[in-house]
Amino acid sequence: TFIDDQDAAVTHTGAGWGEGGNGANYGNSYWLTHGTGDYATVTFSGTQIDVYSTMQGNLGQASMVIDGGGSVTADEYMAGYSNGQQLVWSSGTLAAGSHTLVMTTLGTKNGASGDTYIETDMFRVTNAVTAGVNGVDSATVAVAYAVTDTGSGADSAAIAATGAAADTGTGVDSAAVASKDPVS
């Protein structure tokens, strides 16, 4: 599930925040601040949250805190310009349920960065597979898979992949993955 920075699940607190947008950003929007201590709060239900933003040469560092726990510093600096939607930070696996992420501008930066701006673009929330007991559950089943092109031969273009999963209700769940190279 993707949460845009304009979604009701995201609040921006502090006088430094401003809205902007271009086609490189998810939903054509982003929020940007230069105010130390300004923060964005994201409420979500899931087992992981990933923070995406533009990364570029004038962006700084932010504190990431889940559910009031320990702080981890994320750095949005990258030499040049990333064209948006870059993975900045990931929470790792969380217990299933409701959570709150607070992303606070630290006013610090990578030594190579030209400034300390912080941007929010989008957040991706993941829900893990819930295992059933003797077919009693009818939980959503998610399938994660990776497809790799070796880069050899005439088919070294793109690979398309599809996945399917089903909860049969019998305690035996099935998942299938098919991949198709569109240029062979």
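None of these values were measured; they are calculated from a predicted model.

## Examining the overall build of the protein chain
Across its full length, the protein chain carries zero helices and 14 strands. N-terminal to C-terminal, the α/β element order of the protein chain is β-β-β-β-β-β-β-β-β-β-β-β-β-β. Evaluated residue by residue, the protein chain yields a buried proportion of 34% over its 184 residues. Across the protein chain, every contact between residues at least 6 apart in sequence was considered, and the portion connecting residues at least 24 apart equals 67%. Carbon and sulfur atoms form 52% of the exposed surface of the protein chain, whose accessible area is close to 9500 Å².

## Examining the packing of aromatic side chains
Going through the model one piece at a time under the given rule, you end up with two aromatic pairs. Seen in terms of ring centroids, phenylalanine 2 and tyrosine 26 are 5.6 Å apart; in terms of plane orientation they differ by 35°. Their pairing is tilted. With phenylalanine 2 in strand S1 (residues 2-4) and tyrosine 26 in the loop between strand S3 (18-20) and strand S4 (30-33), this residue pair connects regions lying 24 residues apart in the sequence. In this structure tyrosine 26 comes out as partly exposed when scored by relative accessible area, which is 28%. Pairing tryptophan 17 with tryptophan 31 gives two aromatic rings, centres 6.5 Å apart and planes at 70°, and the pair type is edge-to-face. Placement of the pair is tryptophan 17 in the loop between strand S2 (10-13) and S3 and tryptophan 31 in strand S4, with a sequence separation of 14 residues. Overall, tryptophan 17 belongs to the buried group, its relative accessible area being 10%.

## Some remarks on the sheet that holds S1
Reading across from one edge, S1-S12-S6-S9 is the order of the four strands in this open sheet, with antiparallel pairing throughout. Every other strand in the sheet has two partners, leaving S1 and strand S9 (86-90) as the edge strands with one partner each. Within the sheet, the average angular offset between the axes of one strand and its neighbour, ignoring direction, is 30°. Note: S1 against strand S12 (residues 122-126), three bridges, orientation antiparallel. Residue pairing in the sheet places isoleucine 3 in a bridge with phenylalanine 123 of S12.

## Structural notes on the environment of valine 42
Tracing the backbone through its elements, the reader meets valine 42 in strand S5 (residues 39-45). In the structure, valine 42 is positioned 57 residues away from histidine 99 in sequence and 8.3 Å away in space, judged by C-alpha atoms. Beyond its immediate sequence surroundings of up to four residues, valine 42 is in contact with Ile3, Ala9, Val10, Ile49, His99, Thr100, Leu101 and Phe123.

## Observations concerning the confidence of the model for the protein chain
Residues at a pLDDT of 70 or more form 70% of the protein chain, whose mean pLDDT is 79. Note that residues 132-150 has pLDDT below 50 and, in this model, 36 contacts with residues that lie over four places away or in other chains.

## Observations concerning the environment of tryptophan 31
Owing to a relative accessible area of 16%, tryptophan 31 belongs among the buried residues under this scheme. Sequence separation of tryptophan 31 and glutamine 6 is 25 residues, and the distance between their C-alpha atoms is 8.5 Å. Residues contacting tryptophan 31, with those up to four places away along its chain left out, are Asp5, Gln6, His12, Trp17, Gly18, Glu19, Ile118, Glu119 and Thr120.

## Section: the pattern of salt bridges
As a working rule, side chains carrying opposite charge can pair if their charged atoms are close by. Per the stated rule, a full pass over the model turns up one salt bridge. Measuring nitrogen to oxygen at the nearest pair gives 2.6 Å for the salt bridge that ties arginine 124 to aspartate 50. Of the two residues, arginine 124 is situated in strand S12 and aspartate 50 in strand S6 (residues 48-53); the sequence distance between them amounts to 74 residues. Here aspartate 50 falls in the buried class, since its relative accessible area comes to 1%.

What counts, and where the lines are drawn
- Residues numbered from 1 in each chain as written.
- Predicted model: local features only at pLDDT ≥ 70, side-chain atom pairs only at ≥ 80, totals over all residues.
- Heavy atoms only, no water.
- Helix = DSSP H or I, 4+ residues; strand = E, 2+ residues; numbered from the N terminus.
- Buried < 20%, exposed > 50% of the residue type's maximum accessible area, 1.4 Å probe, protein only.
- Contact = heavy atoms within 4.5 Å.
- Areas by Shrake-Rupley, 256 points an atom, 1.4 Å probe, with all protein chains shown as cover.
- Phe/Tyr/Trp six-rings, centres within 6.5 Å; stacked < 30°, edge-to-face > 60°.
- Pairing = 2+ DSSP bridges.
- Axes fitted to C-alpha atoms, helices over the stretch in contact; angles between N-to-C directions.
- pLDDT = per-residue confidence, 0-100.
- Salt bridge = Lys/Arg side-chain N within 4 Å of Asp/Glu carboxyl O.

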